[in-house]
Amino acid sequence: MLYRAGEGHARGFHPTAVFPDRSLALLAAAVLPGTGRDRGHLRLFDEPLLDALNIAVALVRSPQSLAYLLEAAGSLALERCGIILDSRVAEDSPESAA
């Protein structure tokens with residue numbers, strides 16, 4: 001069951017959503033803060049892009065949301081992301097320019 005921050009069964013609230021497994025609940029918890037953000041502005045209206053961008057903004061601005069997303073991704077995805085990030089950081093370091 002997924003509750004908004006500060007809510008819970010013990011406090012008498014109903015869940016925002018119910019999922020069959022934890023990974024889906026974690027994904028929902030990660031994107032939930034982005035569902036109420038401003039729409040933004042584009043030269044050509046693209047609603048799916050705006051929706052996705054609002055969710056991405058919520059993920060990177062909230063450490064808790066990002067943690068939910070990473071936990072839902074699982075250990076193999078985290079390992080691969082670590083390898084990718086390590087190579088990118090190495091490319092940007094002053095030592096790699098020398």
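Another point: the confidence of the model for the protein. Chain-level statistics for the protein give a pLDDT mean of 80 and a share of 85% at 70 or above. At the level of individual helices and strands, the protein shows its lowest average pLDDT in helix 5 (residues 94-97), which scores 64, and its highest in helix 3 (residues 63-73), which scores 90.

On the surface, Leu66, Leu70 and Leu78 cluster together into a nonpolar patch covering about 210 Å² of accessible area. Counting through the fold element by element, leucine 78 comes out in helix 4 (residues 75-92). On the accessibility criterion, leucine 78 (36% relative accessible area) is partly exposed.

Attention shifts here to helix 4. End to end, helix 4 covers 26 Å across 18 residues, agreeing with the expected 26 Å (1.5 Å per residue, within 8%). For helix 4, the tally of buried residues reaches only zero of 18 residues, placing the bulk of the element at the surface.

Conventions adopted
Residues numbered from 1 in each chain as written. Predicted model: local features only at pLDDT ≥ 70, side-chain atom pairs only at ≥ 80, totals over all residues. Heavy atoms only, no water. pLDDT = per-residue confidence, 0-100. Helix = DSSP H or I, 4+ residues; strand = E, 2+ residues; numbered from the N terminus. Patch = residues over 30% accessible without salt bridge, like charges linked within 9 Å, V, L, I, M, F, W, Y side chains within 5 Å. Areas by Shrake-Rupley, 256 points an atom, 1.4 Å probe, with all protein chains shown as cover. Salt bridge = Lys/Arg side-chain N within 4 Å of Asp/Glu carboxyl O. Buried < 20%, exposed > 50% of the residue type's maximum accessible area, 1.4 Å probe, protein only. Expected span 1.5 Å × (residues − 1).

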